[in-house]
Amino acid sequence: VIGMCLYGIIDQITGSPRGEGAVRRFFLITVLYLFLMVLSFSAKYLPLPALRLDGSLLLVLYLGLTTKLWPGGLGVLAIGFATEALGVPVHGVLPLSYIAVFVLVRILRNGIYLEGPTRFVWVFLLTLVQKGIEFSWMGEIHRISPLWILSLAGVESLGAYFLFPLFEKLTRLVNEER
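Basis of the calculations
- Residues numbered from 1 in each chain as written.
- Predicted model: local features only at pLDDT ≥ 70, side-chain atom pairs only at ≥ 80, totals over all residues.
- Heavy atoms only, no water.
- Helix = DSSP H or I, 4+ residues; strand = E, 2+ residues; numbered from the N terminus.
- Buried < 20%, exposed > 50% of the residue type's maximum accessible area, 1.4 Å probe, protein only.
- Contact = heavy atoms within 4.5 Å.
- Areas by Shrake-Rupley, 256 points an atom, 1.4 Å probe, with all protein chains shown as cover.
- Axes fitted to C-alpha atoms, helices over the stretch in contact; angles between N-to-C directions.
- Left-handed = near helix turned anticlockwise from the far one by under 90°.
- Core = buried A, V, L, I, M, F, W, Y, C linked by side-chain atoms within 4.5 Å.

Observations regarding the overall build of the protein chain
So, step 1. Broken down by element type, the protein chain carries seven helices and zero strands.
So, step 2. Within the span of the protein chain, comprising 178 residues, buried residues form 44% of the whole.
So, step 3. For the protein chain, contacts bridging at least 24 residues in sequence account for 69% of all contacts bridging at least 6.
So, step 4. In the form shown here, the protein chain has an accessible surface area of approximately 9,300 Å², with 70% of it arising from carbon and sulfur atoms.

So this is what it looks like as structure tokens:
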């Protein structure tokens, strides 16, 4: 399901007609999502297990910056449900918080400068928004340290610094194959 939604998203990003290179695009997006899941879940074994990279959130933010609302929104919901299926305490929170941040990015996308280092500042700020939504809907916002949430946003910004160029290269690779 995730791969098929992301397949449609890549078609929107690249503007390519369906059918040409479809299997390769589907494979690339599925591998990218699995890579992000492995990266996110293996990070818990680092010395600072509470500070994990949320690869799904990075993919949601990237899709918000590069796709249209309709196919991107479906992909974001699929990413949220798939990530949630891997184990969360309260069901429904991740897909709703991801879609809220995705829509916010889509609204702000035309009015903000997103090139160069400023996009990592936006990743930081949007991570704060997403984590605030997630923890407030779970009823845990009063237990969370502001320093910890700021640290999570910093980890996401650092992750975006390294992973957004990878996402862009994959997008260019898909564009070249049409």
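Brief notes about the environment of leucine 65
So, step 1. Mapped onto the fold, leucine 65 is located in helix α3 (residues 55-66).
So, step 2. Not counting chain neighbours up to four residues away, the residues in contact with leucine 65 comprise Val105, Arg109, Leu114 and Phe164.

What to know about the packing of α3 against helix α6 (residues 118-137)
A pair of packed helices is captured by two measures, namely the crossing angle of their axes and the spacing between those axes.
So, step 1. Where α3 contacts α6, the axes come no closer than 11 Å and their chain directions differ by 115°. The crossing of α3 and α6 is right-handed. On the side of α3, the interface is formed by Leu57, Leu58 and Leu61, while α6 contributes Val123, Leu126, Thr127 and Gln130.

Comments concerning the nonpolar core
So, step 1. In this structure, Leu58, Leu59, Leu61, Ile79, Tyr98, Phe164 and Phe167 are the most contacted members of the largest nonpolar core, which totals 27 residues.
So, step 2. Mapped onto this core, the elements with two or more residues apiece are α2 (22-42), α3, α4 (69-85), α5 (93-108), α6 and α7 (146-176).
So, step 3. No other element matches the seven residues that α3 contributes to this core.

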